[in-house]
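Structural characterization, general
The lines below spell out each chain.
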Amino acid sequence: MCGIVGILGKHEVAPLILEALKRLEYRGYDSAGIATLQNGHLDRRRAVGKLINLSDRLVHEPLPGKAGIGHTRWATHGPPSEANAHPHQNGPVAVVHNGIIENYRELRAELAGSNFESETDTETVAHLCARFMAGGMTPREAAKATIARLEGAFALCFLFDGHDDLLVAARRGSPLAI
Ligand code: GLU
């Protein structure tokens, strides 16, 4: 189990996301991360271990921005590490994920040529969505097309470079409160 949070706010959201992740700590986790949009551009911080490690990181390397997503990870694919921590990003797409993408191997094979940075099933989602956008889809269309390709149980939240008024969330078989 893990926790995912997304906020489109009027003020800086990283502190709010951190607070929300703290409320989800009881679910258990091994690493955590946050991505925000700063002046329209995605940036992220991730850390292994407890949320204090992420909040210490944010003190030294703050993440301004009024739109963001956050995650506490319970590793299923790939050990706890910064590279495997969420959010995962590929090009203009950042994503946090709770659950398991059962067909990630098949999707990874289709995405041959993409440069994967983690061992997770989740990173496949970011690459697939970015591939659809590169083919001309809008972020919403790309997220929808991506979700249609996924097998398994998941809750997902997407954030897109250049779209600071948009969060896309989806779930299948995993809980997600909006
Ligand atoms: N399967 C994903 C991973 O291993 C998400 C795990 C979770 O629900 O935290 O990164």
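See the structure above.
Summary of the structure given here. (Residues numbered from 1 in each chain as written. Predicted model: local features only at pLDDT ≥ 70, side-chain atom pairs only at ≥ 80, totals over all residues. Heavy atoms only, no water.)

Here's the deal with the site of the ligand
Neighbouring residues of the ligand: 14 residues in total, closest Arg73, Thr76, His86, Gly99 and Asp121. Asparagine 98 places a polar side-chain atom, nitrogen or oxygen, 3.1 Å from an oxygen atom of the ligand. Take aspartate 121: an N or O atom from its side chain is 2.8 Å from a nitrogen atom of the ligand. Burial of the ligand by the protein amounts to 98% of the accessible area it has alone, namely 300 Å². Where the shell around the ligand is concerned, the elements lending two or more residues are β4 (67-73) and β6 (93-101). Considering each element in turn, the shell around the ligand owes the most residues, three residues, to β6. Along the lines of polarity and charge, the residues of the shell around the ligand split into three nonpolar, nine polar and two charged. (Near = heavy atom within 4 Å. Polar contact = N/O pair within 3.5 Å; in protein donor to acceptor, adjacent residues only side chain to side chain. Areas by Shrake-Rupley, 256 points an atom, 1.4 Å probe, with all protein chains shown as cover. Helix = DSSP H or I, 4+ residues; strand = E, 2+ residues; numbered from the N terminus. Nonpolar A, V, L, I, M, F, W, Y, C, P; charged D, E, K, R; others polar.)

Notes on the packing of helix α1 (residues 14-23) against helix α2 (residues 51-60)
Where α1 contacts α2, the axes come no closer than 11 Å and their chain directions differ by 175°. On the basis of their axis angle, the class for α1 and α2 is roughly antiparallel. Contacts from Leu18, Leu21 and Lys22 of α1 reach α2 at Leu51, Leu54, Ser55 and Leu58. Of the residues assigned to the contact of α1 with α2, the class counts are five nonpolar, one polar and one charged. (Axes fitted to C-alpha atoms, helices over the stretch in contact; angles between N-to-C directions. Parallel < 35°, antiparallel > 145°, perpendicular 65-115°, else oblique. Contact = heavy atoms within 4.5 Å.)

Considerations on the packing of aromatic side chains
Applying the stated criterion across every chain yields a total of one aromatic pair. With 6.0 Å between their ring centres and 5° between their planes, phenylalanine 158 and phenylalanine 160 make a pair best called stacked. Residues phenylalanine 158 and phenylalanine 160 agree in their burial class; the two are buried. A cation over an aromatic ring shows up here: lysine 50 above the ring of tyrosine 29, its NZ or CZ 4.5 Å from the ring centre. Geometry around phenylalanine 116 places arginine 108 over its ring, the cationic atom sitting 4.1 Å from the centre. (Phe/Tyr/Trp six-rings, centres within 6.5 Å; stacked < 30°, edge-to-face > 60°. Buried < 20%, exposed > 50% of the residue type's maximum accessible area, 1.4 Å probe, protein only. Lys NZ or Arg CZ within 6 Å of the ring centre and 35° of its normal.)

Focus: the environment of phenylalanine 116
Note that phenylalanine 116 resides in the loop between α3 (104-110) and α4 (122-134). Along the sequence, phenylalanine 116 and histidine 127 sit 11 residues apart, while their C-alpha atoms lie 8.3 Å from each other.

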